[in-house]
Amino acid sequence: MLERRTLRNIDYILVLVLVLLLGGSLLILSTASMNIDKSDPNHYVKIQGLWMATGLILAVVMASFDYQYLRRLSWLIYGINILLLVAVFFFGTSAGGAIRWLPITQTQGIQPSEFAKIAVIITLADFLSKREGKLNRYRDFLAPFLFVLAPALLILKQPDLGTAIVLIVIFIGMMFVAGANPKKLCALLLGGGTLAGVALYLHFADLPSWLQFAQGLPLPLEGYQLNRLTVFVDPTADTSGDGYHIIQSIWAIGSGGLWGKGYRLGTQTQLNFLPEHYTDFIFAVVGEEFGFVGTITLLFLLFIFLSRIIRIAANAKDSYGALVTMGVASLFTFHILVNVGMTLGIMPVTGIPLPLISYGGSSMWANMLAIGLLFNIHLRRQRLMF
Amino acid sequence: MEEKERGIFVRRLWYFSFVIGVVFLILGARLWWLQIARAAVYAAKAEGNVTRFVELTPTRGDIIDANGTLMVTSIPQFSLTLDWLDLQQSKDYKEVVYKLAGHVKPFWPNVNESVDLIYEDILAFIQNNQWERYRPVSILSGTPAEMLPLRAIVAEHQNELPGVSVEAVPLRSYALDGLAGQVLGYVREISEQEIEQFNGKEEVRAEGLKYLQGDLVGKMGVEKTYDLYLRGQKGVQQIEVDNNARPIRKTTIQAAQPGKTLQLTIDANLQAVIEASLDEQIKKVRETYPEASTGAAVVIEVNTGKILAMVSRPAMNPNDLIGIISEETAYQYFQVKSAATFNRALTGTYPPGSTYKMITAMAGLQSKVITPEETIYDAISSLGSLAAQQQGFAEWGNQTFESVNLYKGLAMSSNIYFQVVGRRVFEAAPELMKQLSNEFGLGILSGVDLPGEAKGIAPSAEWKKENYTPMYQQLREEQLEEIEARYAAQLEQAPDEQTAQKLETQRANEIKRVESEYQQNVADNIDWHLYDSFNVSVGQGYNLYTPLQLAQYVATIVNGGRHYRPYVADKLLDPVSGEVVLRNEPQILNTVSVSPDILAIVKKGMSEVTSVGGTAAWLFGDVPQFSGGGKTGTAQIGSKGTITENLFNGMFVAFAPYDNPQIAFAGVVEYGGHGGESSGYVAKAAFKEYFGWK
């Protein structure tokens, strides 16, 4: 278990940033969620606090044993993950047209897809660390890809395109760190992107007659997902639905100006013009009420947070630890880019929360599990000198 | 890990860090763009999201009479309203609406509608107004009598009816049952044309006001003239709304300023007496002429020009012109020949008949073609040659008053006497009659503070020429042009010289014919004739004046020759403090050129009319207090040979008392025959009321 000697290795800067981020989350939630349940303005702050407290316990647990132990459980974790994702189809409850939840109590449930991200990171790190130096050929890419594809497809089926893409991004990030041939990785990436682009183009564009057969080609996407892509290109195309969300989010952030409108004084937030303002669009609340100063401070904290994670990877004892760490870094970076970018109107609308800040239990627990793991890896870095 | 291996690994981490850096730079740059560079734009957009402005309607100013009696006010009309915000507070707003439907059933316009249907109707109404939820929606409105019971019910069940209230909205009410309706006017929604018209006014621009679509505006009478002051100033309320347009906060940015109180020069009691008396006279006339329905009367203060009463019949009750107007009402008020909205005292022009004879008298005296004492024998032969006699009027009923001087001429209303005098005046100074008429306010616009006054006609040779020449000239030119055009075409196609010659001759003949026709027209219709002189001298012919002008004319005779601008609005008062904001002062438009001596002679002549031997001597027989004078008129409506030849309007003008006269009267009763026997009674009633005689 933990020894006093090991504890001395704790990254206090990371701890400080974490405390600031979690405290910030509660502060932001206290204004962002105050008009959701009018009978108890602090209802969601309390629940989020509970998620954090339990999440911290999970993190401590995750940090307490030698992470090498996880390698032995790798296939077990992978199996449980797949089982949970399959279970969603049988026992899941739906929210907004998608079945993502496994009910635990009457009002609370867990979102296996959130934990799937962590499970994929832990198991893929083990999978890749065994293939280090053997990832130079295209055919070497196939096995790891299929390894991630299985859970990704299950999640896509829910449907949850955002989280499925997160898994792919984690895969790419970890492959790169694991030493996959960068040129070939890029080529694959470009190829995949081009394929998706062409498919979308064929779906939407007015085609010349010789290409008519491809018109309206079916895509593995739901109508609302296509709509989100449409309004991302042109928010005014749908001013009542997703386009409306993007426009209101931009207005909220822009109207905040340098200093913001003040705590609990944002009209866009408090009068409900801003949608989902305590979950996916929480960054816009920061922008409206705390202004440029607030948003830049938050981004700065997140940047420090990520740079500390990379520092952990650099100092990791072995490649398994480094891969896990960089998987988590990929996860957080992509979440921040997509979530913040969405509120700023430079990314399409997806249901991806802002890590550590957005309200949500499963996401908080998953993130805390990941962070616990990071501390674990950091505590047990290179052999200590006496 | 090996050292070398770690080196490669760390390099990959640097690449990774680079990607993260780029991500954060992009996000930061975008934040700078939205929150710094374009902050103002988005601040305005967000502001527009939540802000709605609601107009606060000011209460329109009251109108009171000279004694302070309330004539027009704004009374509350009650409106059943639903406030969405409050309604939302209840657990199930549909249940509230259902309960409301039950309570409202006895008051619902459609008596047979079931509670369920009323419920559906109200829900549909809420749905239709969903984007105006920030303000209460009116569901039903009515008079206090209709709505007060409902208000009590709503108050009683307030607990189960959140958001439901019965509120008052001001509605124009003409308190004295339409007394002086045409003077007061009425208020309705502004038309496209009127928006331009009102906004073009200098006072409106000076006050910084703007008339907008949907505004109510005075359409006639003082409601129109003084609309600017009566309407008050709109207030503005800012309402903060949420994304469902529900009101969150209300702030009054500018409170509505109530309109000013307008005090008229009209004496409501006097007005009422005259209205009743005129109605009585019209009723009397109707026994003989069932189609008779019109009449008018004016009383003005001779030393100020204040209009103390102004009556026009048929009566107009402005209360009838509020809200939806039935076809029947529209016909009666606007379309029929005897339209009630037509203010005959102001806009109606009438031949003055014998009431014009004072002008003839003054013109004769001023041009010295007669002295007051000179007598003329009252026989048709006095008019001159047989040809002249044929052009003149005989005495009424071919009676004779024998030797007639000026006083007797006025007293007996001798047509022969005034035709003789008039002929002399027109021969000595052709324009004098018109000039004097204008000096006394006849045939010119008075500048009264009421919209729509008529100018009337004070004729003269000059006037006749100016008025009719263009018409006949145009006719001549058109005919000549037509001839030229016709022959030009024919000449072009003429086969030989001979035919052309023939056409030329024909053309010359036609032109000659047109020219001679024109000369005939000039002689008949443009040149001044003796019969014109005769007609004008006794107030017939082209003479046309409004009752207001006739009253002014009498006032100017008896006040020593000062022609005042008539006015109906005395002052504007602040509705709260009662302070005078604006006051109309008496304004002398001109002083007449007639000498005071001549005015005194004519005034004396007018008093002879109401004294023993005068045409209206009997009228004031039972009122010994009366001193003053008058003049009767029995004005032929049509010219000889028309159907209206034997129809006469009863005209009467008068003043009182004789020494230091106070008021002047002018009245007309359609088909009233002898003026003294119709309008005269109205004058008598007016004087009795004004001076308090029993």
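Residues numbered from 1 in each chain as written. Chains lettered and ligands numbered in written order. Predicted model: local features only at pLDDT ≥ 70, side-chain atom pairs only at ≥ 80, totals over all residues.

Turning our eyes to something else, we now look at the overall build of chain B. Looking only at helices and strands, one finds 24 helices and 21 strands in chain B. For a compact globule of 694 residues, the expected C-alpha radius of gyration is about 26 Å, and chain B comes in at 37 Å, more than 25% above that figure. A principal-axis box enclosing the C-alpha atoms of chain B has dimensions of 150 × 90 × 50 Å. For chain B, the residues scored as buried account for 42% of the 694 residues in total. (Helix = DSSP H or I, 4+ residues; strand = E, 2+ residues; numbered from the N terminus. Rg over C-alpha atoms; globule rule 2.2 N^0.38 Å. Buried ≥ 20, exposed ≤ 12 C-beta atoms within 10 Å, placed from the backbone.)

With that settled, the discussion passes to the overall build of chain A. Helix and strand counts for chain A come out as 15 helices and three strands. The long-range share in chain A, meaning contacts at least 24 apart out of those at least 6 apart in sequence, stands at 67%. (Contact = placed C-beta atoms within 7 Å.)

Time to look at the interface of chain B and chain A. Between chain B and chain A, the contact holds 29 residues from the first and 38 residues from the second. Put simply, the parts of the chain that give the side of chain B that touches chain A at least two residues each are helix H1 (3-37) and helix H2 (39-50) of chain B. Here the side of chain B that touches chain A gets 16 residues from one element, more than from any other, and that element is H1(B). Looking at the side of chain B that touches chain A residue by residue, the classes come out as 19 nonpolar, five polar and five charged. (Nonpolar A, V, L, I, M, F, W, Y, C, P; charged D, E, K, R; others polar.)

Let's shift gears to the sheet that holds strand E11 (residues 295-301) of chain B. Residues and elements named next belong to chain B. Judged by pairing direction, the sheet is antiparallel, and its five strands sit side by side in the order E12-E11-E21-E20-E19 without closing on themselves. Of all strands in the sheet, those bounded by a partner on one side alone are strand E12 (307-313) and strand E19 (629-636). The average angle at which neighbouring strand axes cross in this sheet is 10°, direction not considered. As defined by bridge partners, E11 adjoins strand E21 (residues 663-669) across seven bridges and the pair is classed as antiparallel. Its bridge partner lying in E21, Glu301 is registered against Ile663. The strands touched by helix H12 (residues 268-286) are E11, E12 and E21; relative to E12, the strand with the most contacts, the crossing angle is about 30°. (Pairing = 2+ DSSP bridges. Axes fitted to C-alpha atoms, helices over the stretch in contact; angles between N-to-C directions.)

Residues and elements named next belong to chain B. Parsing chain B into structural domains produces domain 1 (3-37), domain 2 (53-182 + 223-264), domain 3 (353-459 + 534-691) and domain 4 (461-527). Taking only C-alpha atoms, the centre of domain 3 and the centre of domain 4 are 44 Å apart. The interface of domain 3 with domain 4 comprises four residues on the first partner and four residues on the second. Here the side of domain 3 that touches domain 4 is composed, by residue class, of two nonpolar, no polar and two charged. (Domains from an automatic or database assignment.)

This part takes up the sheet that holds strand E9 (residues 247-254) of chain B. All names here are of chain B. Judged by pairing direction, the sheet is antiparallel, and its three strands sit side by side in the order E1-E8-E9 without closing on themselves. Since the sheet does not close on itself, it has two edges, and those belong to strand E1 (51-56) and E9, each with one partner. Between one strand axis and the next, the sheet turns by 25° as a mean value, whatever way the strands run. Two strands pair when backbone bridges link them, and strand E8 (residues 235-241) and E9 are joined in this way by six bridges, in the antiparallel orientation.

Another point: the confidence of the model for chain A. Regions with low pLDDT carry predicted coordinates that are not meant to be interpreted in detail. Here chain A shows a mean pLDDT of 87. Residues at 70 or above account for 88%. Within chain A, the lowest mean pLDDT, 68, falls on helix H1 (residues 4-7) of chain A, and the highest, 96, falls on helix H13 (residues 282-314) of chain A. (pLDDT = per-residue confidence, 0-100.)

What follows is about the nonpolar core. By size, the foremost hydrophobic cluster in this structure holds 123 residues, and its most contacted members are B:Ile274, B:Val298, B:Val554, B:Val568, B:Phe665 and B:Ala686. Examining the composition of this core, we find that eight residues originate from one element, helix H22 (residues 547-558) of chain B, more than from any other. Two domains each put at least three residues into this core: domain 2 (53-182 + 223-264) and domain 3 (353-459 + 534-691) of chain B. In terms of nonpolar packing, the next biggest core, distinct from the first, is built from 117 residues, A:Ala116, A:Val120, A:Ile122 and A:Ala366 among them. (Core = buried A, V, L, I, M, F, W, Y, C linked by C-beta atoms within 7 Å.)

This part is about the environment of B:Phe125. Residue and element names in this part refer to chain B. Relative to the assigned elements, Phe125 resides in helix H5 (residues 115-128). Taking the C-beta count within 10 Å as the criterion, Phe125 has 15 such neighbours and is therefore assigned partly exposed. Sequence-wise, Phe125 and Val137 are twelve residues apart; in three dimensions their C-alpha atoms are separated by 8.6 Å. Beyond its immediate stretch of four places on either side in the chain, Phe125 contacts Val137 and Ile139.

Attention now moves to the packing of helix H2 (residues 12-32) of chain A against H13(A). Residue and element names in this part refer to chain A. With their axes 10 Å apart at the nearest point, H2 and H13 run at an angle of 160° to one another. Accordingly, the angle class assigned to the pair H2 and H13 is roughly antiparallel. Considering how the two elements wind past one another, H2 and H13 form a crossing that is left-handed. Facing H2, whose interface residues are Ile13, Leu14, Val17, Leu20, Leu21, Gly24, Ile28, Thr31 and Ala32, H13 presents Ile282, Val285, Val286, Glu289, Leu298, Leu301, Ile304, Phe305 and Arg308. Of the residues in the contact of H2 with H13, the class split is 14 nonpolar, two polar and two charged. (Parallel < 35°, antiparallel > 145°, perpendicular 65-115°, else oblique. Left-handed = near helix turned anticlockwise from the far one by under 90°.)

This part takes up the environment of B:Ile190. All names here are of chain B. Structurally, Ile190 can be placed in the loop between strand E6 (187-189) and helix H8 (192-200). You can call Ile190 buried: it has 20 C-beta atoms within 10 Å. As a C-alpha pair, Ile190 and Tyr211 span 21 residues in sequence and 8.3 Å in three-dimensional space. Once you skip the residues sitting within four places of it in the chain, Ile190 turns out to touch Ile195, Tyr211, Asp215 and Val217.

Residues and elements named next belong to chain B. Close contact between helix H4 (residues 93-104) and H5 brings their axes to 8 Å; oriented N to C, the two are set at 120°. The orientation of H4 relative to H5 falls into the category oblique. With respect to the hand of their crossing, H4 and H5 are arranged in right-handed fashion. Residue-level contacts link Val97, Tyr98, Leu100, Ala101, Gly102 and Val104 of H4 to Val115, Ile118, Tyr119, Ile122 and Leu123 of H5. Classifying every residue of the contact of H4 with H5 gives ten nonpolar, one polar and no charged.

Moving on to the confidence of the model for chain B. With 97% of its residues at a pLDDT of at least 70, chain B reaches an overall mean of 88. Note on the complex model: pTM 0.72, ipTM 0.93.

Before going further, it helps to spend a moment on the environment of B:Thr329. Relative to the helices and strands, B:Thr329 is located in helix H13 (residues 327-335). Judged by the 14 C-beta atoms lying within 10 Å of it, B:Thr329 falls in the partly exposed class.

Quick look at helix H7 (residues 138-156) of chain A now. Residues and elements named next belong to chain A. Roughly 30° is the biggest bend found in H7, and it falls at Leu149, with proline Pro151 one to four residues downstream. Those residues of H7 not exposed but buried are Val148, Pro151, Ala152, Leu154 and Ile155. Looking at the buried residues of H7, the elements they touch are helix H5 (74-91), helix H6 (112-129) and helix H8 (161-177). (Bend = angle between axes of the 7 residues up to and from the residue.)

Residues and elements named next belong to chain B. The element helix H18 (residues 432-439) is largely enclosed, with a buried count of six among its eight residues. Of all the residues in H18, the buried ones are Leu432, Met433, Lys434, Leu436, Ser437 and Glu439. On the buried face of H18, the contacting elements are helix H14 (357-366), helix H17 (415-428), helix H19 (461-492), helix H21 (530-537), strand E15 (562-564) and strand E18 (588-591). One or two steps after H18, the chain reaches Gly441, where phi turns positive at roughly 95°.

All names here are of chain B. Counted residue by residue, strand E20 (residues 648-656) has nine buried out of nine residues, so it is predominantly covered. Going residue by residue along E20, you find Phe648, Gly650, Phe652, Ala654 and Ala656 tucked away on one face and Asn649, Met651, Val653 and Phe655 tucked away on the opposite face as well. One ladder, built from seven bridges, connects E20 with E21; its direction is antiparallel. Considered in E21, the bridge of Ala654 is made with Phe665. The hairpin turn running from E20 into E21, its antiparallel successor, is six residues long, and Asn660 in that turn takes a positive phi close to 50°.

It is worth spelling out the pairing of E11(B) at this point. All names here are of chain B. Burial within E11 is extensive, with seven of its seven residues counted as buried. Relative to E12, E11 runs antiparallel, the two sharing six bridges. Paired with Ala296 across the two strands is Ser312, which belongs to E12. Taken together, E11 and the strand that follows it, E12, pair antiparallel across an intervening segment of five residues, in which Gly305 is found at a positive phi of about 90°.

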